Amino acid sequence: MADKDSKMVKPTEPYGDVDLEMLKDFSEANGISGHEKGASRVMKRYVQDAADEITYDALGSIAALQKGSGNGPKVAIFGHLDEVGFLVKEIQDDGFIRLINVGGMWPHLLLSQEITVTTREGKEYVGFISSPPPHGMSAEDRAKVLPLEDLYVDMGVNDKEEVEALGIRVGDTITPRTQFRVLNNPNYLLGKAWDDRIGAAVATDVLRRLKGVPHQADVYAVGTVQEEVGLRGATTAGYLVNPDIAIALDATLASDVPNAKYGKPLGTGVTLSLMDGSVIGNRELVYALEDICKELGVDFAYDIFLRGGTDAGAIHKLRSGVLSVTVSIPARAIHAHRGVIHRKDFADTVRVLTEFCRRLDWDMVEKIRRSNQ
Ligand SMILES: [Zn+2]
């Protein structure tokens, strides 16, 4: 891996044809697990012109179908819309809010970060996560990571009455609040929730690029919900769509940061996941994608993990099984208020998956299916 990575030429000019407005809208949408409406509406807005039909499962996952030329196989590209965040656990008399986490975030990364509290009426208020200052702490306490129970949201108000007057109640959502930015090398894009809005954006863009291009397969772009709390939306959306081939997009760890031990560097191209803690990718499906990368001259690499999980972990076990694979986008600092992705990984992944969906026919599906027999 090190050899290949060190030889990788990374672009300095903006790479590929990337809709930055779409990525910004996906990233900035509010959508913690179980409350993904803000994000699914962004997906609907961008995908609807390319879709013949849009359906939802009961949990809120959105499935946009672009029909093929008739009687073709069904291929679905899944990206999860939910992000990690919090709910209001308690509003204290002094006006500070205690949090309960939805999905996992390391408290180390939370201090002084801005959040949005969204009320039942849909009103949004800005606050920030805080803690007592270190000045009064013992050296031992200062060296520790504060547990989430010790943190609180400061809304900048006098007391509980003022918080309640805003309409904020126990159970309201608390979402990381971060502005999308293009960084100093224009290929590096900063935002929140790249895990996994970038996957939903890939699925959306594949459908948009297939519009007007003849293809046999029925192609679904699926934005799933509740992945971060246990692949829940993938299970229900998988049933809804019932695909012959499933490709789950997810963020993977970036290896090009200090002290990194796992993952792939930003700008890898297409990252094909052979295995993670939830699924062993169908090898013939991996090879089919790899062959397209080679044919198109797109850089690719393999990712192998023993831990973690993606929507494919749920989808491949549905009914009597679904031929599935995970394709990953490296992201720096996932599950944090700020993360960074690379234009090349987005653009190359969209290009290769679009070509795969364009080519997919029953012969390809049978070849992939027979590889297990
Ligand atoms: Zn994810």
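Residues numbered from 1 in each chain as written. Predicted model: local features only at pLDDT ≥ 70, side-chain atom pairs only at ≥ 80, totals over all residues. Heavy atoms only, no water.

(A) Structural detail: the coordination of the zinc ion. Protein coordination of the zinc ion is provided by H80 (NE2), D195 (OD), D250 (OD) and D250 (OD), with donor distances spanning 1.8 to 2.8 Å. The coordination sphere of the zinc ion comprises four donor atoms, whose angles at the metal cover 50 to 143 degrees; the geometry is irregular. Read N to C, the donor residues that coordinate the zinc ion are spaced as H-x114-D-x54-D. Of this pair, H80 sits in strand β3 (residues 74–80) while D250 sits in strand β13 (residues 245–253), and the two are 170 residues apart along the sequence. When its relative accessible area of 0% is taken as the criterion, H80 is described as buried. On the basis of relative accessible area, D250 is assigned to the buried category, the value being 3%. (Donors = N, O, S within 2.8 Å, 3.2 Å for Na, K, Ca; no water. Tetrahedral: all angles 85-135°; square planar, octahedral: opposite > 155°, others 65-115°. Helix = DSSP H or I, 4+ residues; strand = E, 2+ residues; numbered from the N terminus. Buried < 20%, exposed > 50% of the residue type's maximum accessible area, 1.4 Å probe, protein only.)

(B) Just helix α3 (residues 37–47), in detail. Listing the buried residues of α3 in full gives A39, S40, V42, M43, Y46 and V47. Viewed along the axis of α3, the buried residues span an arc of 155 degrees, placing them on a single side of the element. The exposed residues of α3 that point more than 90 degrees off its buried face are K37 and R41. In the core, the buried residues of α3 are packed alongside α2 (20–28), β1 (53–56), β2 (62–66), α6 (194–210) and β12 (218–224). (Arc of directions from axis to C-beta. Contact = heavy atoms within 4.5 Å.)

(C) Here's a closer look at the sheet that holds strand β17 (residues 339–342). Taken in spatial order, the three strands of this open sheet run β10-β11-β17, and their pairing is antiparallel. Every other strand in the sheet has two partners, leaving β10 (181–182) and β17 as the edge strands with one partner each. Inspection of the sheet shows strand β11 (residues 188–191) paired to β17 by four bridges, in the antiparallel sense. Counted as the bridge partner of G191 is G339 from β17. (Pairing = 2+ DSSP bridges.)

(D) Molecular detail of the packing of aromatic side chains. Within the structure shown, the criterion is met by four aromatic pairs. Between F180 and W194 the ring centres are 6.1 Å apart and the planes differ by 80 degrees, which places this aromatic pair in the edge-to-face class. With F180 in the loop between β9 (173–176) and β10 and W194 in helix α6, the pair connects residues that are 14 residues apart, well separated along the chain. We classify F180 as buried; its relative accessible area is 11%. Residue W194 is classed as buried on the basis of its relative accessible area of 3%. (Phe/Tyr/Trp six-rings, centres within 6.5 Å; stacked < 30°, edge-to-face > 60°.)

(E) Broad picture of helix α7 (residues 232–241). Listed in full, the buried residues belonging to α7 are G233, A234, A237, G238 and V241. The buried side chains of α7 occupy one side of the element, clustering within an arc of 130 degrees when seen end-on. Those residues of α7 that are buried are in contact with β2, β3, β12 and α9 (312–315). Of the residues trailing α7, N242 is marked for its positive phi of about 50 degrees.

Such coordinate-based values are descriptive only and should not be taken to indicate function.
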